[in-house]
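If you want the building blocks of each chain, they are given just below.
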Amino acid sequence: MMMDIVLNYAELVRQVGAGDREAEAELCRRMGPRIRLYGLRHLRDAHAAEDLTQQVLITALEALRAGRLREPEKLASFVLGTCRMTVLGLHRSTQRKERLLEQFGADLPAAVESFIPRLDHDLLTRCVQSLKERERSIVVMTFYDEQTGADVASFLGVSEANVRVIRHRAIHQLRDCMGVSHEQ
Amino acid sequence: MNSRNENHPLKCSNPIDVAILDDYWLNARTSPDEAAIEEHLFECDHCGERLREVIALAEGIRELAREGSLRMVVSDAFLERASAQGLRVRQYSAPRGGSVECTVTADDDLLIGRLAANLSGVTRVDLCVYDDTGIEKLRLPDIPIRSGASSVIYQESITFAKAAPTNKMIVRLVTFDEAGIELPLGEYTFNHTRSLPGPGAW
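Residues numbered from 1 in each chain as written. Chains lettered and ligands numbered in written order. Predicted model: local features only at pLDDT ≥ 70, side-chain atom pairs only at ≥ 80, totals over all residues. Heavy atoms only, no water.

## Overview of the interface of chain A and chain B
Between chain A and chain B, the contact holds 64 residues from the first and 67 residues from the second. For the pair chain A and chain B, the interface holds 23 residue pairs in polar contact (both at pLDDT 80 or more). Within the residue set of the side of chain A that touches chain B, elements represented by two or more residues are α1 (2-17), α2 (21-43), α4 (75-92), α7 (121-129), α8 (133-145), α9 (149-156) and α10 (160-178) of chain A. Ranked by the residues each element gives to the side of chain A that touches chain B, the list is headed by α2(A), at 13 residues. Residue classes in the side of chain A that touches chain B are distributed as 31 nonpolar, 13 polar and 20 charged. (Contact = heavy atoms within 4.5 Å. Polar contact = N/O pair within 3.5 Å; in protein donor to acceptor, adjacent residues only side chain to side chain. Helix = DSSP H or I, 4+ residues; strand = E, 2+ residues; numbered from the N terminus. Nonpolar A, V, L, I, M, F, W, Y, C, P; charged D, E, K, R; others polar.)

## Some points on the environment of B:Gly200
Residues and elements named next belong to chain B. Structurally, Gly200 is set in the segment after β9 (182-192). Spatially, the C-alpha atoms of Gly200 and Arg96 are 28 Å apart, while their sequence positions differ by 104 residues. Ignoring any residue separated from it by four or fewer positions in sequence, one finds Gly200 in contact with Ala163, Ala164, Pro165 and Arg194.

## Considerations on the nonpolar core
B:Leu115, B:Leu127, B:Leu173 and B:Phe190 are the most contacted members of the largest nonpolar core, which has 84 residues in total. Among the elements that make up this core, the one with the highest residue count is helix α3 (residues 45-67) of chain B (ten residues). B:Leu127 has contacts with B:Leu115, B:Leu138, B:Arg139, B:Leu140, B:Ile143, B:Val152, B:Tyr154, B:Val171, B:Arg172 and B:Leu173, leaving out every residue within four places of it along the chain. In terms of nonpolar packing, the next biggest core, distinct from the first, is built from 25 residues, A:Leu64, A:Val79, A:Leu90 and B:Phe42 among them. (Core = buried A, V, L, I, M, F, W, Y, C linked by side-chain atoms within 4.5 Å. Buried < 20%, exposed > 50% of the residue type's maximum accessible area, 1.4 Å probe, protein only.)

## A short note on the pattern of salt bridges
Oppositely charged side chains can form a pair if their charged atoms are brought close together. Inspection of every chain in the model, using the stated rule, returns 31 salt bridges over all chains. A salt bridge links A:Arg175 to B:Asp22; its shortest N-O distance comes to 3.0 Å. You can see A:Arg175 sitting in helix α10 and its partner B:Asp22 sitting in helix α1 (residues 18-25), one on each of two chains. For the pair shown, A:Arg175 and B:Asp22 are each scored as buried. For B:Arg88, the salt bridge goes to B:Asp107, with nearest N and O atoms at 3.9 Å. With a gap of 19 residues between them, B:Arg88 in the loop between α4 (76-84) and β2 (89-94) and B:Asp107 in the loop between β3 (99-102) and β4 (110-116) connect regions that are remote in the sequence. Overall, B:Asp107 belongs to the exposed group, its relative accessible area being 52%. Three or more residues are tied together by salt bridges with common partners; here these are A:Arg164, A:Arg167, B:Asp23, B:Arg29 and B:Asp33. (Salt bridge = Lys/Arg side-chain N within 4 Å of Asp/Glu carboxyl O.)

## Here's the deal with the state of the cysteines
Simply put, disulfide is the name for a covalent bond between the sulfur atoms of two cysteines. Taken as a whole and assessed by the stated rule, the structure comprises one disulfide over all chains. Between the sulfur atoms of A:Cys127 and its disulfide partner A:Cys177 the distance amounts to 2.0 Å. Its torsion about the S-S bond being -80°, the disulfide of A:Cys127 and A:Cys177 is classed as left-handed. Remark: A:Cys177 occurs in helix α10 and A:Cys127 occurs in helix α7; sequence separation between them is 50 residues. Its relative accessible area of 35% is what places A:Cys177 among the partly exposed residues. Free cysteine: B:Cys12, not disulfide-bonded; nearest cysteine sulfur from B:Cys44 at 3.7 Å. On the accessibility criterion, B:Cys12 (14% relative accessible area) is buried. (Disulfide = S-S within 2.5 Å.)

## A look at unusual backbone geometry
Residues and elements named next belong to chain B. Look at Asn27: it is not a glycine, yet its phi comes out positive at around 60°. In this structure, Asp142 takes a positive phi of about 50° despite not being glycine. Within the fold, Asp142 resides in the loop between β6 (136-140) and β7 (151-156). Of the residues examined, Asp142 reaches a relative accessible area of 29% and is grouped as partly exposed.

## Structural notes on α4(B)
All names here are of chain B. Within α4, burial applies to Phe78, Leu79 and Ala82. On an axial view of α4, the arc spanned by its buried residues comes to 95°, and they lie on one face. In this structure, α4 carries Glu80 and Ala84 as exposed residues pointing more than 90 degrees from its buried face. (Arc of directions from axis to C-beta.)

## Things to note about the packing of aromatic side chains
What describes a pair of aromatic rings is the distance from one ring centre to the other and the angle between the planes of the rings. According to the stated counting rule, one finds two aromatic pairs over all chains in the structure shown. With 6.3 Å between their ring centres and 70° between their planes, A:Tyr38 and B:Phe42 make a pair best called edge-to-face. Residue A:Tyr38 is located in helix α2, and its partner B:Phe42 is located in the loop between α2 (31-41) and α3; the two belong to separate chains. Exposure class is identical for A:Tyr38 and B:Phe42. Each is buried. Of note, A:Arg44 hangs over the ring of B:Trp25, and the distance from its end group to the ring centre comes to 3.9 Å. (Phe/Tyr/Trp six-rings, centres within 6.5 Å; stacked < 30°, edge-to-face > 60°. Lys NZ or Arg CZ within 6 Å of the ring centre and 35° of its normal.)

## Describing the environment of B:Gly134
By secondary structure assignment, the location of B:Gly134 is in the loop between β5 (126-130) and β6. Here B:Gly134 falls in the partly exposed class, since its relative accessible area comes to 41%.

## Here's the deal with the side chain of A:Glu135
Residue and element names in this part refer to chain A. Relative to the elements of secondary structure, Glu135 occurs in helix α8. There is a polar contact of 3.2 Å between the side chain of Glu135 and the side chain of Arg169. Beyond its immediate stretch of four places on either side in the chain, Glu135 contacts Ile166, Arg169, Ala170 and Gln173.

The structure is reproduced here in structure tokens:
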């Protein structure tokens, strides 16, 4: 599998360098969702993740068109590195959020809205309510509040490791209840 | 061009454990771990798809928490965060053995009862809800508490409260002795007056 990826990335990079617009579109199709996930994880904002995706793709395409990627088989690493640099730059920019809000308003970009699947709300309510009390509190405080394991552990007077075990058990149960596969 | 899609593995030969993806989303991994996970995710759409499921679950839970419809015990930090995010938190503090007059308005997002109790040395507490005839309507067994805390912060379902007619709700905190016999820690009466238009729905 790895050999196929190396060859195909190299070929993709070569074709983008040769000005093939279809190859550029393929690059965007392949890398766009990965960049968006990275953006959601690091920026915690759908608008910002969408904007990051555009910025990184433009930067990557410019580099490839100019033949600046010396190891074409490392395309994925190059794009990931571009993501990291871009996010670092965004974090330095204090006016970023305001500018994005002005630009996009309150609407969730359609690309991101459809990117994350929507769960059955009523079913999720029943599943969360069916958790044990301790599990429910830990899951909600962790995901809503994004409290660290240490914060939750302090509230409950248990160890951080214990919080992690309870959280994983609860999420496993939620997945079962929601019919989401645990399959690797 | 379509042939290039063969690069998108539908199955991953070395998938990231979903518990690790949960941790990754929650920023609970070390930096080297995180870097390795991201390198994998930039090569593997199969694991990316599973990360999307993790995010969907996390976002669903966040949405539920914002709606205030879950009955649960929460922390002060949770309420501070909710207020900071613009949620309107209506709180009533009830002393042990005391009663409070309460209501809920259309603008409220979360409904909180602070139940004063001495939790020193207590290891297990159940929170029980009774109607005015003394019938137990709900029990939250083994609620999360910290030994030595002076209160329990109970979130009532705002959806339920907004639909409720004027009524009396009695909450009891109970613990257990070594023989499993229930021991009262505190009783709290909430005299709810419906202030929303229309009759209650239950």
